[in-house]
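These are the residues of each chain, in order.
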Amino acid sequence: MTEPSIDVAFHRPRTVQEAVALLRGDDGAMCLAGGATLVAMMNADLVAPSGLISLSGIEALKSTERQSDGSVRIGAMRKHHETAGEVLLEEGQCVLREAARQIANMPVRNMGTIGGSIAFFDPAADYPPALVAADAVVEISGPDGDRVVPAAEFFVGWYETALGPGDIVTSVRLPPALTGSIGFFHKLARVSGDFATVSVALVLAMTGGTVNHLAVAVGACGPTPVRLPDLEAELTGKALDDADIDRLATALADALDPIDDVRASAEYRRLVAPRMVKQAIAEAMQALGGAA
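Computed from a predicted structure; not experimentally measured.

Enquirer: Would you mind going over the overall build of the chain in detail, with residue names and values included?
Expert: Helix and strand content of the chain: 11 helices and 14 strands. For 292 residues, the compact-globule estimate of 2.2 N^0.38 gives 19 Å, and the C-alpha radius of gyration of the chain, at 19 Å, lies within 12% of that figure. Out of the 292 residues belonging to the chain, those deemed buried represent 50%. Within the chain, contacts between residues at least 6 apart in sequence are counted, and of these 61% link residues at least 24 apart. Element-wise, carbon and sulfur atoms account for 51% of the exposed surface of the chain, whose accessible area totals about 13,000 Å². Distance between charge centres in the chain, computed from 23 positive and 37 negative side chains, equals 5 Å.

Enquirer: I'd love a proper account of the packing of aromatic side chains, names of residues and values included.
Expert: Taken as a whole and assessed by the stated rule, the structure comprises three aromatic pairs. For the pair F154 and F155, a centre-to-centre distance of 5.2 Å together with 85° between the ring planes defines the contact as edge-to-face. A connected cluster of aromatic rings, assembled from ring pairs, spans F121, F154 and F155.

Enquirer: Explain the pattern of salt bridges to me, and be specific about the residues and the numbers.
Expert: Applying the stated criterion to the full structure yields 17 salt bridges. With a shortest N-O distance of 2.8 Å, R73 and E139 are connected by a salt bridge. Here the residue R73 occupies a position in strand 5 (residues 72-75), and E139 occupies one in strand 6 (residues 137-142), the gap between them amounting to 66 residues. One exposure class covers both R73 and E139, and it is buried. A salt bridge links R78 to E82; the nearest nitrogen and oxygen atoms lie 3.8 Å apart. The exposure class of E82 is partly exposed, given its relative accessible area of 25%. Sharing partners across several salt bridges, the network here consists of R73, E139 and R173.

The rules we used
Residues numbered from 1 in each chain as written. Predicted model: local features only at pLDDT ≥ 70, side-chain atom pairs only at ≥ 80, totals over all residues. Heavy atoms only, no water. Helix = DSSP H or I, 4+ residues; strand = E, 2+ residues; numbered from the N terminus. Rg over C-alpha atoms; globule rule 2.2 N^0.38 Å. Buried < 20%, exposed > 50% of the residue type's maximum accessible area, 1.4 Å probe, protein only. Contact = heavy atoms within 4.5 Å. Areas by Shrake-Rupley, 256 points an atom, 1.4 Å probe, with all protein chains shown as cover. Lys, Arg positive; Asp, Glu negative; His and termini not counted. Charge placed at Lys NZ, Arg CZ, Asp CG, Glu CD. Phe/Tyr/Trp six-rings, centres within 6.5 Å; stacked < 30°, edge-to-face > 60°. Salt bridge = Lys/Arg side-chain N within 4 Å of Asp/Glu carboxyl O.

So, in structure tokens, the structure goes:
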């Protein structure tokens, strides 16, 4: 592998422990995963790391494995195109695969990684709402050892995560797929390949028209994905009607904290988001054979 021709120290550790030690030894160093975001920021003089710690040599971060309990562990260095075609994801877990398929364009999907994407955390990115809707957890290694953080708690604020100094995302883990579940990811963007203006991630499980599980997360409409677990619980165990769906969509819209930016106004996002929620639920119910 040819080292980059830039005036910073370049390291290529072989283990997570070695990478953590390198980060601990240089407060100004940054991890290089796929490089899709970091290299662009360096070229624009937005960041100037004293060192680059490439994670490309750590084989333990590159695999996807199904655990004995049915959960799926995706290594942080898995490329977007690999997650987009991941056959180990099934039923409701497929919400993550659908999100990966809509990331940017093929060159970016061939370069970028799931760990790098969520560690940087652009609130308009595609993975965060999908991970929150899937009840995924993020596995982290750092100076104080290993820990697991629920995705809903990992994304803290605008471009801010639960990662501390010296921490590295090692994987994301999705819980076992619920029998009869389905995962949907809807994204509204100005043009194909752009970040989301609004996104909706949904995991729904039904039996005979009765909802067994419902999770809906809205992205790109505030500092973190928005989900309402208490209301979801109220709607579980019953057959959803139009009033139920309207209630959830309206409550989600009320909970959003969007901004005006180059993609859309806050008002537009509040208008579109509930319509997208209702569309996603309707399509999921139809796919599962329930009324919509």
